Amino acid sequence: MKLLTKDRYPEYEAFLKSSKKGHFLQAPCWARVKDMWVNEILIIEDDAGKIKGAMSLLIRKVPFFNKTIMYSPRGPVCDIYDKKTITQLVLDAKELAKKHKSYVLKIDPDVPADDAEFCKIMADIGFRFNKTKNFEGVQPRFVFRLNIEGKTQDEVFALFHSKTRYNIRLAIKKGVTAVIGTKADLAAFCDIMMETGLRDNFIPRSLEYFEKMYDEMGDYLRLYLMYYEGKIISGAVAILYGDKVWYLYGASSNEYRNVMPNYLMQWEMIKWAVENNCAIYDFRGVSGDLNKGQPL
């Protein structure tokens, strides 16, 4: 078993950013956001001593139970068909579980749900599969992604439905403007997030959580705020890490929805991804139930 040491963080981050399956949820900065959890990072090296596989683990005590859970958000990061590397990471996690009294390892890897070869590898190792199609997990089981690899802004814009292009242009015409917010703007963002939560029936994160995220994620994070007539009417938190941008949190006011601020907001975040030569823009959670009667 080999655990990552802090002196190798730069090497590890370079590995994450260059890996096709690299994800900000596997980064040390995200583990610092989740400071209520213990973080351990397992690594597998090639013959030259370079990292070829890794799994960042968040470990937390179960209330009223003298055990912990191990959770690897969007892990492991490696060649998803390298059964030897994945198996070794899991064996190492089992060894680490003895130290932390962990009784379960949960993972939600960045892999298409219909990838039969990967599913067989994981079943052979001993994993059981969550069949949910909605949002019962820690991370959304299904996400919606836009492939922007090698495309210019004009080429990406041309991919949109005509109504989407119309709404983006309408927001600009009506005077909606996009601003990159600062930490001081998080309170206003959280006010709109509370309004969104009441409207859509969910409990929003606290201001302290967003401030922690802002501090720890550094330049990987952007707070997008949409202004109309001098007021913030919508906002979003986006993360750029490696070759991907994720739309992580969004909020919108009940007012001025007719000026289509959220269309322009998404376009501004997609442009950030294009400017940084990303391959993917990730809209995050969607339902995996594609039946037309599905309310989500």
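Scroll up for the structure.
Model, not experiment: these values are computed from the prediction.

Engineer: Would you mind showing me how to read helix H6 (residues 162-174) here?
Structural biologist: Since the α-helix advances by 3.6 residues per turn, residues separated by three or four positions end up pointing in the same direction. For H6, spanning 13 residues, the distance from its first C-alpha to its last is 18 Å, which sits close to the expected 18 Å at 1.5 Å a residue. Along H6, the positions that sit buried rather than exposed are Asn167, Ile168, Leu170 and Ala171. Angularly, the buried residues of H6 cover 160° about the axis, an arc narrow enough to put them on a single face. Facing away from the buried surface of H6 by more than 90 degrees, the exposed residues are Ile172 and Lys173. Those residues of H6 hidden inside the fold are in contact with helix H5 (153-159) and helix H9 (261-275). At the exit of H6 stands glycine 175, carrying a positive phi of roughly 100°.

Engineer: Help me understand the sheet that holds strand E2 (residues 51-61), please; the structure alone is not making it clear to me.
Structural biologist: Strand pairing in a sheet takes place through backbone hydrogen bonds and is either antiparallel or parallel in direction. One open sheet accounts for four strands, arranged E1-E2-E3-E4; its pairing is mixed. The open sheet has two edge strands, strand E1 (38-45) and strand E4 (102-107), and neither has a second partner. Averaged over all pairs of adjacent strands, the angle between their axes in this sheet comes to 25°, without regard to strand direction. Bridge count between E2 and strand E3 (residues 68-72): four bridges; the pairing is antiparallel.

Engineer: I would appreciate a short explanation of the packing of aromatic side chains in the present structure.
Structural biologist: Here the distance between the centres and the angle between the planes together describe a pair of aromatic rings. Counted by the stated rule, this structure contains 15 aromatic pairs. Ring centres 6.5 Å apart and planes at 50° place the aromatic pair tryptophan 37 and tyrosine 71 in the tilted group. Here tryptophan 37, found in the loop between helix H2 (28-33) and E1, pairs with tyrosine 71, found in strand E3; they are 34 residues apart in sequence, far enough to count as distant. Aromatic pair phenylalanine 157 and tryptophan 267: ring centres 5.2 Å apart, planes at 55°, arrangement tilted. Of the two residues, phenylalanine 157 sits in helix H5 while tryptophan 267 sits in helix H9, which places them 110 residues apart along the sequence. Note on tryptophan 267: relative accessible area 8%, which makes it buried. In textbook terms, an aromatic cluster arises when at least three aromatic residues are bridged by ring pairs, as seen for Phe189, Tyr209, Phe210 and Tyr249. For the cation-ring pair, arginine 205 lies above tyrosine 209, with the distance from its terminal atom to the ring centre recorded as 4.2 Å.

Cut-offs applied
Residues numbered from 1 in each chain as written. Predicted model: local features only at pLDDT ≥ 70, side-chain atom pairs only at ≥ 80, totals over all residues. Heavy atoms only, no water. Helix = DSSP H or I, 4+ residues; strand = E, 2+ residues; numbered from the N terminus. Expected span 1.5 Å × (residues − 1). Buried < 20%, exposed > 50% of the residue type's maximum accessible area, 1.4 Å probe, protein only. Arc of directions from axis to C-beta. Contact = heavy atoms within 4.5 Å. Pairing = 2+ DSSP bridges. Axes fitted to C-alpha atoms, helices over the stretch in contact; angles between N-to-C directions. Phe/Tyr/Trp six-rings, centres within 6.5 Å; stacked < 30°, edge-to-face > 60°. Lys NZ or Arg CZ within 6 Å of the ring centre and 35° of its normal.

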